[in-house]
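Structure at a glance
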Amino acid sequence: MAALARMGDGAIRAAQLMALRRDLFAPPVADALSLLPPNRLAPPAEAVSIMAREGGKTRAAVVGSWLPVSEPSPLAWTTRGFEAHREVRVRVTLPTAAPDAAVIAAAIRLALPLIASPDREAARRSLHDDLTRWLAAELDAPAQHVRLARWRRQALARTGTIVARPLDSWTAPHLIGIARLPALPLPQVVALAAGGNEATLDAHDIDAAATARRLIEAALEQVMVFGSVPIEPRLDHLGVLAGDRIARIDIGGVEALSKGLRRAINGVARAAIARDAGLVAARLAALLTPCDAADHAALVTRLDRVIQRLDDDDDVRASPARLLDDGLAAVRASGFAVAADLLALGRWLAAMATAAATIDHAVDIGDVARRFMLRRELEEAVALPDSLEAAQRVLAVVAPLETLPGRLDRLVADAASGTYRLPVEQHRAAVDRQLRLAQARLVAVAIGWTGIALLLLVAAGLPAGPLRTGLTGLLWAGAAVAAGLFLALWRRTA
């Protein structure tokens, strides 16, 4: 850390971002790399100059009315103040402090001996690609401004999440102006809940159990609806409003999820909700990249062992972040690599689940996820352009829920009586039913024609006269009609 600090803020930030690759570093090393430099007591001169120049203010106005906010990134400076009688936060990126390719390469060389992965050359290339991409996303203020505005238009209203309104007048190359919402920062809510300060939370109209559930829903919505996750899951970008709503104050760089991962998420989530550790392990293993010495059987066994601890170890259940580290250690020991989007997904869900479990120890993450996925299925069904298909999708989801209590009662009653009955229903397809009906009519016409032939024989024995003539004509007409029906039905059945 001392060697990195001597290389400047750019190398320090590169080290902090390297710590996000917890699949390459052991947890103690990753924690050391993520240590923050001492907080500055005053904004750097460069940040003041940028705010004055791009915000249209004097340096005295900037220094006098804006206060620094704790900001873990040495490449940006976050301040808060008042703009048009509204309290706002402004994030200032510092482009001259951005590390170039040489600084990134030097920082990686210093950290390379600490990498736990056996293939260090592949790890070096992967780190270089990730750092280059992440630093560019972090310092791209215009893109963050656009992303914030777009997410606000798409409002995460289904989970009660409120996105702060960006200030249009602050659209500048290095500034992101964000209207500050009257929310308690999420780290403060976590600290209050961990310390048992329920009175303080009640004073802000915050319910711990409801907030914990909303955090899980907001995390899942970020993944399943928007298909992206923050590169660095920092809780200080989130707040809690009165009424247990989640407030998103800032949005930094994001990692877009690949199409393959987005398709596989539902399957992994369903297996996790069903508490099928073996199936979760198998589906996770299918998402990993094998290296030269990869052992798939060992990987599934190790992942299965880690996941099963959720049912046996209360400490692991209360610390999803620890579970993530154990899972990554199992992946590393089995000779597999984790894609950047999958790793970012794990970091995001672990951070949000840990915060939720700290706020409310009794939160049932599986139940919240199950309800969220059911709601997503209904939303997707209603959004279909075909109303009939939408109705069928909705009924397919709702109908089992309506009949579930009765089916469970019958199952329990059968189990208690020692008698198990398996109802079997047989259904014929519509085409088969039509064929059987036509065959039955064919047989009926044949029987009727035979009866007419017998009646003709009887009529032939009658004495000659009008009666025999009329009856014979009527029977021959009936025979002709029966023959026509027989021919038509025979063609249909054939």
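Above: the structure in question.
Below: a short report on this structure. (Residues numbered from 1 in each chain as written. Predicted model: local features only at pLDDT ≥ 70, side-chain atom pairs only at ≥ 80, totals over all residues. Heavy atoms only, no water.)

Before going further, it helps to spend a moment on the overall build of the chain. The helix and strand inventory of the chain stands at 21 helices and twelve strands. When burial is assessed residue by residue, the chain has 40% of its 494 residues classed as buried. Nonlocal contacts in the chain, meaning residues at least 24 apart in sequence, comprise 68% of its contacts between residues at least 6 apart. Here the chain has roughly 26,000 Å² of accessible surface; of this, 61% comes from carbon and sulfur atoms. (Helix = DSSP H or I, 4+ residues; strand = E, 2+ residues; numbered from the N terminus. Buried < 20%, exposed > 50% of the residue type's maximum accessible area, 1.4 Å probe, protein only. Contact = heavy atoms within 4.5 Å. Areas by Shrake-Rupley, 256 points an atom, 1.4 Å probe, with all protein chains shown as cover.)

Across three bridges, the pairing between strand 4 (residues 161-163) and strand 9 (residues 245-248) is parallel. Considered in strand 9, the bridge of Ile-162 is made with Ala-247. Relative to strand 9, strand 8 (residues 238-241) is paired through four bridges, and the arrangement is antiparallel. Looking across to strand 9, one finds that Gly-239 is bridged to Ala-247. Following strand 8, the chain reverses through three residues before pairing antiparallel with strand 9; Gly-243 in that reversal takes a positive phi of roughly 85°. (Pairing = 2+ DSSP bridges.)

With that settled, consider the packing of helix 9 (residues 186-194) against helix 17 (residues 340-359). Relative orientation and spacing of two packed helices are given, respectively, by the angle between their axes and the distance between those axes. Relative to each other, helix 9 and helix 17 sit at 35°, their axes nearing to 8 Å. Taking contact as the criterion, the partners of Leu-186, Val-189, Val-190, Ala-193 and Ala-194 in helix 9 are, on helix 17, Ala-355, Thr-358 and Ile-359. For the contact of helix 9 with helix 17, a count of residues per class yields seven nonpolar, one polar and no charged. (Axes fitted to C-alpha atoms, helices over the stretch in contact; angles between N-to-C directions. Nonpolar A, V, L, I, M, F, W, Y, C, P; charged D, E, K, R; others polar.)

Take the pattern of salt bridges next. All chains considered together, the criterion is met by 16 salt bridges. When salt bridges with common partners are traced through the structure, they connect Arg-13, Arg-91, Glu-138, Glu-232, Arg-234 and Asp-236 into a single cluster. (Salt bridge = Lys/Arg side-chain N within 4 Å of Asp/Glu carboxyl O.)

On to a negative patch on the surface. Among the surface-exposed residues, Glu-198, Asp-202, Asp-205 and Asp-207 lie close enough to one another that they form a single negatively charged patch. Along the chain, Glu-198 falls in helix 10 (residues 198-203). The exposure class of Glu-198 is exposed, given its relative accessible area of 57%. (Patch = residues over 30% accessible without salt bridge, like charges linked within 9 Å, V, L, I, M, F, W, Y side chains within 5 Å. Lys, Arg positive; Asp, Glu negative; His and termini not counted. Charge placed at Lys NZ, Arg CZ, Asp CG, Glu CD.)

Taken together, the four strands give an open sheet; going across it, the order is 4-9-8-6, and neighbouring strands pair in mixed fashion. Here the strands that pair on one side only, and so sit at the sheet edges, are strand 4 and strand 6 (184-185). As defined by bridge partners, strand 6 adjoins strand 8 across two bridges and the pair is classed as antiparallel. When the sheet's bridge partners are listed, Leu-184 is paired in strand 8 with Val-240.

So, about unusual backbone geometry. What you tend to see is this: most non-glycine residues have negative phi, and most peptide bonds are trans. In this structure, Asp-205 takes a positive phi of about 60° despite not being glycine. Along the polypeptide, Asp-205 turns up in the loop between helix 10 and helix 11 (208-224). In this structure, Asp-244 takes a positive phi of about 65° despite not being glycine. Tracing the sequence through the fold places Asp-244 in the loop between strand 8 and strand 9.

Turning next to a nonpolar patch on the surface. A cluster of nonpolar side chains, namely Phe-486, Leu-487 and Trp-490, defines an oily patch on the protein surface of about 310 Å² accessible area. Here Phe-486 lies in helix 21 (residues 466-493). Looking at Phe-486, the relative accessible area reads 36%, which means it is partly exposed.

Here we come to helix 16 (residues 320-333). The terminal C-alpha atoms of helix 16, which comprises 14 residues, lie 20 Å apart, in line with the 20 Å expected from a rise of 1.5 Å per residue. Looking at helix 16, one finds that the buried residues are Pro-320, Leu-323, Leu-324, Asp-325, Gly-327, Leu-328, Ala-330, Val-331 and Arg-332. Looking one or two places after helix 16, you find Gly-335, whose phi comes out positive at around 80°. (Expected span 1.5 Å × (residues − 1).)

Topologically, Glu-54 is positioned in helix 4 (residues 45-55). With 121 residues separating them along the chain, Glu-54 and Leu-175 place their C-alpha atoms 7.5 Å apart. Those residues in contact with Glu-54 that lie beyond four places of it in its chain are Ala-172, Pro-173, His-174 and Leu-175. Side chain to side chain, Glu-54 and His-174 meet in a polar contact 2.7 Å long. (Polar contact = N/O pair within 3.5 Å; in protein donor to acceptor, adjacent residues only side chain to side chain.)

This part is about the nonpolar core. Membership of the largest hydrophobic core comes to 57 residues, with the highest contact counts inside it found for Leu-215, Val-223, Met-224 and Leu-345. Of all the elements, helix 17 adds the most residues to this core, at eleven residues. Setting aside residues no more than four positions away along its own chain, Met-224 makes contact with Arg-262, Ile-265, Asn-266, Ala-269, Phe-372, Met-373 and Arg-376. One finds Leu-4, Leu-17, Leu-75 and Leu-135 within the second-largest nonpolar core, a separate group that totals 25 residues. (Core = buried A, V, L, I, M, F, W, Y, C linked by side-chain atoms within 4.5 Å.)

Our focus in this paragraph is helix 8 (residues 141-153). Each turn of an α-helix holds 3.6 residues, which means side chains three or four residues apart point in the same direction. For helix 8, with 13 residues, the first-to-last C-alpha span of 19 Å sits near the 18 Å given by 1.5 Å per residue. The set of residues buried in helix 8 consists of Ala-141, Gln-144, His-145, Arg-147, Leu-148 and Trp-151. What you see down the axis of helix 8 is that its buried residues fit within an arc of 165°, all on one side. In helix 8, those exposed residues whose orientation departs by more than 90 degrees from the buried face are Val-146 and Arg-153. (Arc of directions from axis to C-beta.)

In this section: the side chain of Arg-22. Among the secondary structure elements, Arg-22 is positioned in the loop between helix 2 (9-18) and helix 3 (27-33). Of the residues examined, Arg-22 reaches a relative accessible area of 18% and is grouped as buried.

In short, shape yes, function no, at least from these values alone.
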